[in-house]
Protein chains: 2
Amino acid sequence: MASMSEFDDATVVADDGTTQIHDGWDINGNANGGYLMALAASGLRRIADRPDPVTVTAHYLAPGRPGDARVTGSVVKAGKRFTTVSGALESGGRTNIQVLAAFGDLASNAASEFVSMNGAPPDLPPIEQCTPREANGAVPTALMNRLMVRLHPEHTGWLRGERSGTGEMAGWFGFADGRPLDTLSLLLVADALPPAVFNLDIPSGWVPTVELTVHVRAVPAPGPVRCVFRTRFVHGGMFEEDGEVWDANGTLVALSRQLALLPR
Amino acid sequence: MASMSEFDDATVVADDGTTQIHDGWDINGNANGGYLMALAASGLRRIADRPDPVTVTAHYLAPGRPGDARVTGSVVKAGKRFTTVSGALESGGRTNIQVLAAFGDLASNAASEFVSMNGAPPDLPPIEQCTPREANGAVPTALMNRLMVRLHPEHTGWLRGERSGTGEMAGWFGFADGRPLDTLSLLLVADALPPAVFNLDIPSGWVPTVELTVHVRAVPAPGPVRCVFRTRFVHGGMFEEDGEVWDANGTLVALSRQLALLPR
């Protein structure tokens, strides 16, 4: 078998939907939410028979632990431009995530050429001046050995217990093994940085994702992407986190939003 | 039968899921997307047996026309705080929308009291100084007879062919018959204003919603709500529209985001 990248290997799904939640894509033992979404989408896009996840929504129902898993799903509608699929990733007798997604072909899409952009990539120092997520050891995770995540130094005060009070987390993202980014991997990017609320004075503890939606807007160019995640509104025990992902050409390649819970 | 509000009447779903897509909730004959979401959620929350739609995602697959319809769905997980349901609204042999949603009880939810708000309600003139959507006749719709929608005068230049170039649409929302807003009706609010892209120089034509997600963050206080919808990024034939809905007490009660298509 040809050598594959770590991400490709970790998102293989067989024709019958059987797969593995791979070890080493976790935060303290629980598989990363973006990884679970990418794994499910890897199986569902085969069912859709279209290459790119254009909009994917996942509800997070049970933590994913390494081991045997299965992607199930069915086509709701195969349209002219998108195929909509409803499905799930299941393991250990539980549904880890329930998914509703539309797949398309972004590269060959003959779309309107109208462009209007009110925004720009986050202003980040060069990669070598940004902070490796794992550097300070505050959140040592196996996941970070597979990823090249470098945070804006001004957004890492929480690693030293100094929270800025602004719910923003920006940084660079790539794969540690140099695998180029594609549309599937943008689902992982959408949940790969530390939560933006770590820069707010929230109660400490786990901040579980209820729901995550990712819009993949374009095929990323080669090179690392710049991301920024922002939480503006925390109340009622809930908050949103909105993400933007920009490729090396300065193209917006994904938007994400999740609903998450404060520790109780 | 006791007299009900127009919205309550239009979102009745029987125990077996049978319902009606009611006339008069349309834009040029196609039922409004927020109304379809509210109708589906009305049926699905009974299946969930929890009152409030907390996060609802709908994929729009076929236009809804007045007539017999059915809400189908099943519980994916009934958890401690939320019940997740997968379902659909179907009519005329087609799936109008496919839905993935989590329901909870926002009023009785014993949540963290931590609050951090980086944002405020849109700055709107008083209702009587805002512009009725139907006033200028550019988009005469039956829907607007049922709703009290008043737009920020600075966002209505498109009605006169004068587009501001900024993808923003803000306004007041209430029901014309005075029905108080509840969490179900916030799903309607999320799609009730004219598209924010009407203030950009987009090609003219229908801008179909691919996917809409609404987070209901709190039970609205009595009185009309203030909303703002923004589109920042239009490229590749697609755009997002992000909405905020604020109640009369200045509480953020809903966030929405949709992925929509430019005319081709």
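Residues numbered from 1 in each chain as written. Chains lettered and ligands numbered in written order. Predicted model: local features only at pLDDT ≥ 70, side-chain atom pairs only at ≥ 80, totals over all residues.

Participant: Which residues make up the overall build of chain A, and what are the values?
Facilitator: Counting its regular elements, chain A contains 4 helices and 16 strands. For 264 residues, the compact-globule formula gives about 18 Å, and the C-alpha radius of gyration of chain A, at 18 Å, lands near that figure. Projected onto the principal axes, the alpha-carbon positions of chain A cover approximately 50 × 45 × 45 Å. Within chain A, the fraction of its 264 residues that count as buried is 53%. Taking the intrachain contacts of chain A between residues at least 6 apart in sequence as the baseline, contacts between residues at least 24 apart amount to 71%. (Helix = DSSP H or I, 4+ residues; strand = E, 2+ residues; numbered from the N terminus. Rg over C-alpha atoms; globule rule 2.2 N^0.38 Å. Buried ≥ 20, exposed ≤ 12 C-beta atoms within 10 Å, placed from the backbone. Contact = placed C-beta atoms within 7 Å.)

Participant: Describe in detail the relation of the copies chain A and chain B, supporting the description with residues and values.
Facilitator: Between the two chain copies there is a screw-like relation: a rotation about an axis and a shift along it. Turning chain A through 180° and shifting it by 0.0 Å along the axis lays it on chain B, with an RMSD of 0.0 Å. On this basis, the relationship between the two copies can be described by a two-fold rotation axis. Measuring from the rotation axis to each C-alpha of chain A, the shortest distance belongs to Leu100 of chain A, at 3.4 Å. Most of the interface of chain A is mirrored in chain B, where 100% of its interface residues again form contacts. (Least-squares fit on C-alpha atoms with pLDDT ≥ 70 in both.)

Participant: I'd like to hear about unusual backbone geometry, residue by residue, with values.
Facilitator: All names here are of chain A. Positive phi is not limited to glycine here, since Asn28 has a value of about 55°. Residue classification places Asn28 among the exposed residues on the basis of 10 C-beta atoms within 10 Å. The phi torsion at Asp49 lies on the positive side, around 60°, for a residue other than glycine. Within the secondary structure layout, Asp49 lies in the loop between helix H2 (33-48) and strand E4 (52-60).

Participant: So what's going on with H2 of chain A? Residues and values would help.
Facilitator: The terminal C-alpha atoms of H2 of chain A, which comprises 16 residues, lie 22 Å apart, in line with the 22 Å expected from a rise of 1.5 Å per residue. Most of H2 of chain A sits inside the fold, with 15 of its 16 residues counted as buried. (Expected span 1.5 Å × (residues − 1).)

Participant: Report on the interface of chain A and chain B, specifying residues and quantitative values.
Facilitator: Chain A puts 48 residues into the contact, and the matching count from chain B is 48 residues. Of the residues assigned to the side of chain A that touches chain B, the class counts are 23 nonpolar, 18 polar and 7 charged. One ladder, built from 2 bridges, connects strand E14 (residues 233-235) of chain A with strand E8 (residues 116-117) of chain B; its direction is antiparallel. Note that in E8 of chain B the partner of Phe233 of chain A across the bridge is Met117 of chain B. (Nonpolar A, V, L, I, M, F, W, Y, C, P; charged D, E, K, R; others polar. Pairing = 2+ DSSP bridges.)

Participant: Give me the pairing of strand E16 (residues 252-261) of chain B: which residues, what numbers.
Facilitator: Residues and elements named next belong to chain B. Where burial is concerned, most of E16 is hidden: 9 out of the 10 residues are buried. For strand E12 (residues 209-216) and E16, the ladder comprises 7 bridges, and the chain directions are antiparallel. Across the sheet, residue Val214 finds its bridge partner in E16, namely Ser256. Direction of pairing for strand E15 (residues 238-246) relative to E16: antiparallel, over a ladder of 9 bridges. Looking at E16, one finds that Trp246 is bridged to Leu252. The antiparallel hairpin formed by E15 and E16 contains 5 residues in its connecting segment, where Gly250 sits at a positive phi of about 80°.

Participant: Which residues make up the environment of His152 of chain A, and what values go with them?
Facilitator: All names here are of chain A. Within the element layout of this structure, His152 appears in the loop between strand E10 (147-151) and strand E11 (168-175). Given 22 C-beta atoms within a 10 Å radius, His152 is considered buried. Note: C-alpha distance between His152 and Ala190 (38 residues apart in sequence) is 16 Å. Residues in contact with His152, not counting those within four places in the same chain, are Leu124, Cys130, Ala170 and Gly171.

Participant: Which residues make up the nonpolar core, and what values do they have?
Facilitator: Ranked by internal contacts, the top residues of the largest apolar core, which has 164 residues, are Ala40 of chain A together with Ala40 of chain B. Look past the residues within four positions of Ala40 of chain B in its chain and what remains in contact with it is Ala58, Val71, Gly87, Leu89, Ile97 and Val99 of chain B. (Core = buried A, V, L, I, M, F, W, Y, C linked by C-beta atoms within 7 Å.)

Participant: Tell me about the environment of Arg146 of chain B, and name the residues and values.
Facilitator: Tracing the backbone shows Arg146 of chain B in helix H3 (residues 143-146). Once residues within four sequence positions are removed from consideration, Arg146 of chain B is found in contact with Glu6, Gly24, Trp25, Phe175 and Ala176 of chain B.

Participant: Let's hear about the confidence of the model for chain A: which residues, and what values?
Facilitator: Across chain A, the average pLDDT comes to 93, with 95% of residues at 70 or higher. This complex was scored by the predictor with a pTM of 0.97 and an ipTM of 0.96. (pLDDT = per-residue confidence, 0-100.)

Participant: Explain the pairing of E10 of chain A to me, and be specific about the residues and the numbers.
Facilitator: Residues and elements named next belong to chain A. Within E10, 4 of the 5 residues are buried, which leaves it mostly tucked inside the rest of the structure. Sheet topology places strand E9 (residues 131-132) next to E10; 2 bridges connect them, and they run antiparallel. Looking at the pairing, Pro132 lines up with Arg150 of E10. As paired elements, E10 and E11 share 5 bridges and run antiparallel to each other. From the neighbouring strand, Arg150 faces E11, where its bridge partner is Trp172.

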